[in-house]
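# Structural features, examined
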Amino acid sequence: RLSAPPNSTCESGQPTQVQDDVAAPPRQTPRTAPPRPRPVARARGVPALAARSPPFHRRRAALGRDAELSGDASAQDDARGDRDKIFPAGFGWQGASVLAGQMECAPDSVNFFLMTGAGDFAGVLTGHMLFSAAKSALGRKSNLSLDLSTGLWLATAAFCSGTAWQPVVNLLHDGMGLSFAPAAVATGAATGLAFFGGLRLGRTLYAPLGLAPGDSSNRYADAMLSVSIGGATGIFVGTDISFGAENVLRPFFGVESGMTDMEGMVRAGMSTSVGFLGVQAVQNAALPYGANWLDPPKAQAARTAS
């Protein structure tokens, strides 16, 4: 049946309410976009994932890539410091002390101080160049002039710390009467500072050879490397048996009178290796990414700028 429109008027002029017999179409609910998930709030003080420090082996790999791109031989070399220079440093110092003894140089003489510093220099430079030669023989990229300048740089710093080691121990043990533990800590601090001074001096001396000159961008890295070196020179005090029973490291690193010269040199190298690796392990675990001297220079600069 046809029907008039709603609220229409019939012939009599009276308004008529017409009901439509045709069912109205069902009302459709407008579609809406699904609700967005609410972002999960991160606990206060917890760093974002990108800011967390990567594992140590990934740090080293990133450092090597960054050094190759930037040409900074010192950064690439530093990543290998615990393998090719720390043991030879202690080994060379002890070997030079044996030679100085044969030349009748007293342990409190300037000649003894300089000879042992030269032994430290020779050990570091030799270890570095041997590692560079082995790397080249295995087909890895190598730049002889950059390797040489970096080796001279680190060896110069080692000369400074190696020369300072014996007079510092003499002062602390014989002059001030300190026991083994405080003497070892103070020796590590003093010789670590001497090493840092040698690093900064070396950056000036060897900049013409391609080494990155000293500035604010590498001062922090040099300082943190020197802290680890201080760990090496501090544990090196364990080779001194004059502390007697106070020297708790004597069974492991003490250079006894009945040992051969080679045995004493090996023990000396082991002591510096253990000291360096111990302090460096603490740095690796405690410092955030960009605050470790092993981290790429770009990451260190970004953290300093922030």
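See the structure printed just above.
Keep in mind that this is a model prediction, so the values were computed, not measured.

What follows is about the overall build of the protein. The helix and strand tally for the protein stands at eleven helices and zero strands. Sequence-ordered secondary structure for the protein, helices as α and strands as β, is α-α-α-α-α-α-α-α-α-α-α. Of all 306 residues assigned to the protein, the portion counted as buried reaches 44%. Sequence separation of at least 24 residues holds for 64% of the intrachain contacts in the protein that already meet a minimum separation of 6.

Turning our eyes to something else, we now look at the environment of tryptophan 93. One can find tryptophan 93 in helix α4 (residues 86-102). Under the relative-accessibility criterion, tryptophan 93 is labelled buried at 4%. On a C-alpha basis, the gap between tryptophan 93 and glycine 162 in space is 7.0 Å, while along the polypeptide they are 69 residues apart. Residues within four places of tryptophan 93 in sequence aside, it is in contact with Phe112, Thr116, Gly119, Asp120, Gly162, Trp165, Gln166 and Phe236. Separated by 3.1 Å, the side chain of tryptophan 93 and the backbone oxygen of glycine 162 make a polar contact.

Counting 22 residues, the largest nonpolar core has Phe195, Leu199, Leu225, Phe276 and Trp293 as its most contacted members. Mapped onto this core, the elements with two or more residues apiece are α4, α5 (110-137), α6 (144-175), α7 (180-205) and α8 (216-235). Here this core takes six residues from α6, the largest share from any one element. If we ignore the near neighbours within four places in the chain, the residues touching phenylalanine 195 are Leu154, Ala157, Ala158, Ser161, Leu225, Ser226 and Ile229.

Oppositely charged side chains can pair when the atoms bearing their charge come close. One pass over the full model with this rule turns up four salt bridges. The partner of glutamate 256 in a salt bridge is arginine 250, with the nearest N and O atoms 2.8 Å apart. Judged by its relative accessible area of 27%, arginine 250 falls in the partly exposed class. When salt bridges that share partners are traced, they join Arg200, Arg203 and Asp222 into one network.

Let us now look at the packing of aromatic side chains. Inspection of the entire model under this criterion finds eight aromatic pairs. Each ring, one from tryptophan 93 and one from phenylalanine 236, has its centre 5.2 Å from the other, and the planes form 80 degrees; the classification is edge-to-face. Here the residue tryptophan 93 occupies a position in helix α4, and phenylalanine 236 occupies one in the loop between α8 and α9 (250-253), the gap between them amounting to 143 residues. An aromatic cluster is defined as three or more aromatic residues linked by ring pairs; in this entry it consists of Trp93, Phe112, Trp165 and Phe236.

The next point concerns the side chain of aspartate 147. Locating aspartate 147 in the fold gives a position in helix α6. A polar atom in the side chain of aspartate 147 sits 3.5 Å from the side chain of serine 132.

About the thresholds
Residues numbered from 1 in each chain as written. Predicted model: local features only at pLDDT ≥ 70, side-chain atom pairs only at ≥ 80, totals over all residues. Heavy atoms only, no water. Helix = DSSP H or I, 4+ residues; strand = E, 2+ residues; numbered from the N terminus. Buried < 20%, exposed > 50% of the residue type's maximum accessible area, 1.4 Å probe, protein only. Contact = heavy atoms within 4.5 Å. Polar contact = N/O pair within 3.5 Å; in protein donor to acceptor, adjacent residues only side chain to side chain. Core = buried A, V, L, I, M, F, W, Y, C linked by side-chain atoms within 4.5 Å. Salt bridge = Lys/Arg side-chain N within 4 Å of Asp/Glu carboxyl O. Phe/Tyr/Trp six-rings, centres within 6.5 Å; stacked < 30°, edge-to-face > 60°.

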